[in-house]
Amino acid sequence: MTATEEIVQRHQTYVMSTYAPTLALVRGRGARVWDAEGREYLDFLAGIAVTSIGHCHPRLVEAIRRQAGRLIHVSNIFYNDLQPRLAEALVRRSFEGGRVFLCNSGAEANEGLIKLARLWGSASGRYEVVTMFNSFHGRTLATLTATGQTKVQKGFEPLPIGFRYAKFNDLESVRAAIGERTVAVLVEAVQGEGGIIPAQPEFLQGLRALCDERNLLLLCDEVQCGMGRTGRWFGWQHYGIEPDAFSLAKGLGGGFPIGAVVAGPRLAGQFQPGHHATTFGGTPLACAAALAVIETIEAKGLLENAARVGEIFMDALRTALRPFPFVREVRGKGLMVGVELDRPARPLQDEMMKRGLLGLATNVNILRFLPPLIVTAAQARKAARIVKAACAALPENV
Ligand SMILES: *Cc1c(COP(=O)(O)O)cnc(C)c1O
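In this text, all values refer to a predicted model and were calculated from it rather than measured experimentally.

**Student:** Help me get a handle on the pairing of strand β2 (residues 32–35), residues and values and all.
**Tutor:** Bridge count for strand β1 (residues 25–29) against β2 is four bridges, and the pairing is antiparallel. Each bridged residue has a counterpart across the sheet, and for Arg29 the counterpart in β2 is Arg32. Counting the residues that bridge the hairpin from β1 to β2 gives two residues, and of these Gly30 lies at a positive phi of roughly 60°. Alignment of β2 against strand β3 (residues 40–43), held across three bridges, turns out to be antiparallel. Across the sheet, the residue bridging to Val33 is Tyr41, located in β3. From the end of β2 to the start of β3, which pair antiparallel, there are four residues, and Gly38 there has a positive phi angle of about 85°.

**Student:** Please set out the site of the ligand residue by residue, giving values where relevant.
**Tutor:** Every one of the 13 residues lining the ligand counts as a neighbour, but Gly106, Ala107, Asp221, Gln224 and Lys250 are closest to it. Between the ligand and Ala107, the relevant distance is 2.8 Å, taken from an oxygen atom to a main-chain nitrogen or oxygen of the residue. Contact between the ligand and Asp221: a nitrogen atom at 2.7 Å from a side-chain N or O atom of the residue. When the free accessible area of the ligand is taken as 380 Å², the share hidden by the protein chains comes to 81%. By residue number, the principal contributor to the shell around the ligand is helix α5 (residues 106–122), which donates three residues. Taken together, the residues of the shell around the ligand sort by class into three nonpolar, six polar and four charged.

**Student:** Run through the domain arrangement of the protein, naming residues and quoting values.
**Tutor:** Domain annotation of the protein identifies domain 1 (60–299) and domain 2 (301–366 + 379–398). Here the C-alpha centroids of domain 1 and domain 2 sit 28 Å apart. Between domain 1 and domain 2, the contact holds 23 residues from the first and 16 residues from the second. Taken as a group, Ile196, Arg229 and Ile297 account for 34% of the area that domain 1 buries against domain 2, more than any other trio of residues on that side. Inspection of the domain 1/domain 2 interface yields zero salt bridges. Where domain 1 meets domain 2, there are nine residue pairs in polar contact (both at pLDDT 80 or more).

Parameters and conventions
- Residues numbered from 1 in each chain as written.
- Predicted model: local features only at pLDDT ≥ 70, side-chain atom pairs only at ≥ 80, totals over all residues.
- Heavy atoms only, no water.
- Pairing = 2+ DSSP bridges.
- Helix = DSSP H or I, 4+ residues; strand = E, 2+ residues; numbered from the N terminus.
- Near = heavy atom within 4 Å.
- Polar contact = N/O pair within 3.5 Å; in protein donor to acceptor, adjacent residues only side chain to side chain.
- Areas by Shrake-Rupley, 256 points an atom, 1.4 Å probe, with all protein chains shown as cover.
- Nonpolar A, V, L, I, M, F, W, Y, C, P; charged D, E, K, R; others polar.
- Domains from an automatic or database assignment.
- Contact = heavy atoms within 4.5 Å.
- Buried area = accessible area lost by both parts, 1.4 Å probe.
- Salt bridge = Lys/Arg side-chain N within 4 Å of Asp/Glu carboxyl O.

So, in structure tokens, the structure goes:
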């Protein structure tokens, strides 16, 4: 039995099959990972936008190691020294007068956003949140209901009430979905799972104006597009607007699980003792990891790198993929890059993997790339060459 076969056999016996994994990965460094057979891959997925400063970045490894030997967890019934430092770091990069609630995942952060909105609306009897078709907000009951895709909801009915859906990038559709009980609009600045679809400036700016006009909260799900991925700290910062609150997770801890709700001044004082809680949220260890990520992004100029290499990558892809009529579009923002095909993208994902490049098919016909923010222009060009070779190897082209 190979090392991979041994891992797969044990996994299939003892782990619930919520995923259908492909490779068995055992080691990583920067933008590269190795499987159990010692094969090397260029990791243009980064754990789905999670390992934001690359695998095993020395600063992150050292921060976790040092903090693990000092204090791992104490409970939020005590102060710890790192939680306020991380909260400050997030507020300084987002809104003046903001405050943060720390948790453990994207779904939990979005639950926090939804609870904040409901609490804020409770005095006026409003609780409904308008979300977008094709969005993704998580897999808990509230967040899978917020997710505007029936495929994640099927079999889990009855769904919680309090959600309505509208078309992304269609302001009139949102206007039409707003009712008497509506309290908030929740949107991704760049839809991730939906297929790397950036919000149009008129749309997000129009939503802000619409929310102001109707006294609604504008909430942004920054779980995938936040923490520098688009070339700015937060995706909404490209649009010249401010939401009332936003959620973070994925890239925040560079691979260490942590999520956050960041609320602007309107909502910063909303939660009072007893309203919301989480045992593991904001442990000194998780905060040490997130602080190391933020410091590294700043020290290494990774926002600029994400913007610059993202453009280089998209240009290289557009050139490399021109010969293939089944490639419809290359699009994205910073290091959130999507290649839309006129057919399912999974075969292309598999061909790339055979050639040492990791990416992920999403929403059927879109191939998604979310490389770490430390990725170099040379790696981006190499990845584009592999995508080209993989396209050429697709059955239709052989
Ligand atoms: C991944 C994701 C989530 C869910 O995050 P989990 O940590 O898996 O719960 C929510 N929103 C967006 C935009 C995501 O990409």
